[in-house]
Amino acid sequence: MNRKKKLIRNIITILILFIVFVKGSGLYFTPLGAHRDSERSAHYGPSEIVHIEDFEKGKYIMCRYDKWFSCNTVNRRLLFFWRFGNQVHGWEKDVTIPLNYSWDRDGSFSKAFGIINDKNIKKVEVVLDNGTTIYQEDFYENMFLITWKSDNITDFSGIRAYDGEGNIVFEKIYPRRSNPNR
């Protein structure tokens, strides 16, 4: 075998081994590939992607599927690969209440997300346990995503939804924790 054929054979062998390594290690070439595989592994979806938002570690992918809503986290790994994170499982939408929501924290990155059932809701506000409030007024097809980063452990303390006149339409505030170190 001449030198050129050996080089081509070796390059093809290396590419095949590289692809097998990537697939076997749970890494993906695109964030949507990681998202779709995470849904498949959880027997959920395929969902309709409503919004994708970047953050330092990767992307949040907000989705709707049948009567559920979800916000999957996809993280960047090894410079240009992707690996799915958490929250691929959806939360069932309860249309008897004005707002369905969930929240999650991964290290210092937190998110609150949900779906709005009451068309009068014009603003959603997240309350943190240190008293800070973060709000959103522009929604993604009746869905919201509020994110925050905190080096301290700052927990989600509650959520409020307001109508166009500033009246509270929905409120769920949790009691503050007694541990001052949290």
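Details of the structure are given in the entry above.
Predicted, not measured: the structure shown is a model, and the values here were computed from it.

Some points on helix H2 (residues 31-41)
Note on helix geometry: an α-helix contains 3.6 residues per turn, so any two residues three or four positions apart are oriented the same way. Taken residue by residue, H2 has Pro31, Ala34, His35, Ser38 and Glu39 as its buried positions. Down the axis, H2 shows its buried residues gathered within 135° of arc, on one side only. The inward-facing, buried residues of H2 abut strand S1 (48-55), strand S2 (58-65), strand S3 (68-77) and strand S4 (81-84). Positive phi shows up at histidine 43, right after H2, with a value of about 55°.

Quick look at the pattern of salt bridges
Any two side chains of opposite charge can pair if their charged atoms end up close together. According to the stated counting rule, one finds 9 salt bridges in the structure shown. Residue arginine 36 pairs with glutamate 39 through a salt bridge whose shortest N-O separation is 3.5 Å. Of the two residues, arginine 36 and glutamate 39 both sit in helix H2, 3 residues apart, roughly one turn of that helix. Under the relative-accessibility criterion, arginine 36 is labelled partly exposed at 29%. Its relative accessible area of 1% is what places glutamate 39 among the buried residues. Taken together, the salt bridges that share partners define one network made up of Glu125, Arg160 and Glu171.

Parameters at a glance
- Numbering of residues starts from 1 in each chain and follows the order in which that chain's sequence is written.
- For this predicted model, a pLDDT threshold of at least 70 governs which residues receive local features, and a threshold of 80 or more governs which side-chain atom pairs are given and counted, while totals over whole chains, interfaces and linings are taken from all residues.
- As a convention, hydrogens and water are excluded, and side-chain values are obtained from all of the structure's heavy atoms.
- Using a 1.4 Å probe on the protein chains alone, a residue whose accessible area is under 20% of its type maximum counts as buried, one over 50% counts as exposed, and one in between counts as partly exposed.
- Helix and strand labels come from DSSP, where a helix needs a run of H or I of at least four residues and a strand needs a run of E of at least two; each type is numbered from the N terminus.
- The reported arc concerns the directions from the helix axis to the C-beta atoms and nothing else.
- Any two residues whose heavy atoms approach within 4.5 Å at even a single point are treated as in contact.
- Within this document, salt bridges are pairs made up of a side-chain nitrogen of Lys or Arg and a carboxyl oxygen of Asp or Glu, the two lying within 4 Å of each other.

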